[in-house]
Amino acid sequence: MASYTKKVKIGNIYIGGGSDIAIQSMLNVPACDIAGNVKQAKELEKAGCEIIRTAVPDLESVRLIDALKNAVNVPIVADIHFDYKIAIECAHAGVDKIRINPGNIGDEQKVKQVTDICKLKQIPIRIGVNSGSVEKRILEKYDGICAEGLVESALDHVKILEKHDFYDTVISMKASNVKLMYDAYTIASQKLDYPLHLGVTEAGTKYKGIIKSAAGIGGLLLNDIGDTIRVSLTDNPIEEIKAAKDILKAVGLKTGGVNIVSCPTCGRTKIDLITLANKVEKALENCEKDITVAVMGCVVNGPGEAKEADIGIAGGDGCAVIFKKGQILKKVSEKEVFNELIKEIEGM
Ligand code: SF4
């Protein structure tokens, strides 16, 4: 739960105002491929994605909105650059949120047409500022990109919407530099009460992208900042959902599923613990039991170090003991340990 922000309704869910942190992702199939987008949206919904965003690059792509709304039950967000006409058509097509920066739309009349239809249909707007698109005026004022500049850019867009009496707004201030986005969201949380959509933009490929997102998004969430998150990875968006869930679990904002505790191994380890820990993690990936499983290298420290675990193993010399809540259950050979552990977990 984040610190106080305004509650905004997006389709059938709420973000902000103490609602659960919503996990979102973005489709990466070409906009013209309706069937491909529908298929990916269904996969994302199944994986636990709670808000799905899609790029709508032209008027022809607006038909995606209807196709996606018919295919999944999660809110659909249209990502639009500049063109107010696409925003208006997406609103008519039943989209649940629009991502557009009002300052990029152009004249006031066009902005008014967008805010009018969004008010009528109760569609919120996300202002998405990022470090690569901060206005020249602001870059000159601050002598380059900085957190204050990102926030000022977001505030300028907010003011345009407020001038049109539009307050159903969500804000993001992404940067690929973790410290920059962290500082920008921190400043914004002190100045604004609109819900914040957190993300590290262009975070990179899976491994590095998850590390950057965990540091930036996770750090902010630990400070009670943020209402919805998107982990951006150069990968299949399903990986973004897995990473987002794990970040939420790591900061204590989500429970459920198996929590694996495993030791780093040391000179006392006498079984192939690294292979075993990875095998156990993979086998329990989709297990919904809310348990902690410890995979420890040595019999002396193992059960003690993993006292908090519901079940676990501690390795010996070519063997291992299985323990439950710190009490030894049985001793098995190294060959049997994986199957025996999984069998015990299945029975829990
Ligand atoms: Fe070493 Fe045992 Fe600790 Fe693993 S549990 S790091 S093997 S002392």
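Higher on the page you've got the structure.
Residues numbered from 1 in each chain as written. Predicted model: local features only at pLDDT ≥ 70, side-chain atom pairs only at ≥ 80, totals over all residues. Heavy atoms only, no water.

A. Main features of the overall build of the chain. A count of helical and extended segments in the chain gives 12 helices and 15 strands. Taking the principal axes of its C-alpha atoms as reference, the chain extends roughly 75 × 45 × 30 Å. The buried share among the 348 residues of the chain stands at 51%. Of all intrachain contacts in the chain linking residues separated by at least 6 positions in sequence, the fraction that spans at least 24 positions is 62%. (Helix = DSSP H or I, 4+ residues; strand = E, 2+ residues; numbered from the N terminus. Buried < 20%, exposed > 50% of the residue type's maximum accessible area, 1.4 Å probe, protein only. Contact = heavy atoms within 4.5 Å.)

B. How the structure looks around the packing of helix α8 (residues 206-222) against helix α9 (residues 237-250). In contact at an axis separation of 10 Å, α8 and α9 are set at 40 degrees when each is read in the N-to-C sense. Between α8 and α9, the angle falls in the class oblique. Relative to α9, the crossing made by α8 is right-handed. Contacts from Lys206, Ile210, Ser213, Ala214, Ile217, Gly218 and Leu221 of α8 reach α9 at Glu239, Ala243, Ile247 and Leu248. (Axes fitted to C-alpha atoms, helices over the stretch in contact; angles between N-to-C directions. Parallel < 35°, antiparallel > 145°, perpendicular 65-115°, else oblique. Left-handed = near helix turned anticlockwise from the far one by under 90°.)

C. Structural view of the pattern of salt bridges. Taken as a whole and judged by the stated rule, the model has 22 salt bridges. Where Lys163 meets Glu108, a salt bridge forms, and the shortest distance between an N and an O atom there is 3.3 Å. You can see Lys163 sitting in helix α6 (residues 147-163) and its partner Glu108 sitting in helix α4 (residues 108-121), a full 55 residues away along the chain. With relative accessibility at 38%, the residue Glu108 sits in the partly exposed group. (Salt bridge = Lys/Arg side-chain N within 4 Å of Asp/Glu carboxyl O.)

D. Molecular detail of the nonpolar core. The biggest cluster of nonpolar side chains holds 78 residues, and the ones touching the most others in it are Ile52, Ile80, Cys90, Ile98, Met173 and Leu221. Of the residues forming this core, the biggest block, 7 residues, is contributed by α6. Ignoring anything within four residues of it in the chain, the contact list for Ile98 reads Val77, Ala78, Ile80, Ala87, Ala91, Cys118, Ile123, Pro124, Ile125 and Arg126. (Core = buried A, V, L, I, M, F, W, Y, C linked by side-chain atoms within 4.5 Å.)

E. Layout of α8. With 17 residues, α8 extends 22 Å from end C-alpha to end C-alpha; this agrees with the ideal 24 Å at 1.5 Å per step. Taken as a whole, α8 has its buried residues at Gly209, Ser213, Gly216, Ile217, Gly218, Gly219, Leu220 and Leu221. In this fold, the buried residues of α8 make contact with α7 (178-191), β9 (197-198), β10 (228-230) and α9. Asp224, located one to two residues past α8, shows a positive phi value of around 65 degrees. (Expected span 1.5 Å × (residues − 1).)

F. Representation of the side chain of Glu344. Considering the arrangement of structural elements, one finds Glu344 in helix α12 (residues 334-346). The contacts of Glu344, once residues within four sequence positions are left out, are Ile311, Ile322, Lys324, Leu329 and Lys330.

G. The arrangement of the packing of aromatic side chains in detail. Under the criterion given, the structure shown has 0 aromatic pairs. The aromatic ring of Tyr14 is capped on one face by Lys7, whose charged end is 5.1 Å from the ring centroid. Cation over ring: Lys279 sits above Phe338, and NZ or CZ is 4.4 Å from the ring centre. (Phe/Tyr/Trp six-rings, centres within 6.5 Å; stacked < 30°, edge-to-face > 60°. Lys NZ or Arg CZ within 6 Å of the ring centre and 35° of its normal.)

H. View of the sheet that holds strand β15 (residues 327-333). The strand order β11-β12-β13-β14-β15 describes an open sheet built from 5 strands, whose pairing is mixed. In the strand order of this sheet, the two ends are held by β11 (259-262) and β15, each with one partner. With direction set aside, neighbouring strand axes in the sheet form an average angle of 20 degrees. For strand β14 (residues 319-324) and β15, the ladder comprises 6 bridges, and the chain directions are antiparallel. Across the sheet, residue Ile322 finds its bridge partner in β15, namely Lys330. (Pairing = 2+ DSSP bridges.)

I. Spatial organisation of the pairing of β11. Note: β11 against strand β12 (residues 292-296), 4 bridges, orientation parallel. When the bridges of β12 are listed, Ser262 appears paired with Val295. Where the polypeptide runs from β11 across helix α10 (residues 273-283) and back to β12, its parallel neighbour, the crossover connection is left-handed. (Right-handed = clockwise from strand over helix to strand, strands pointing away.)

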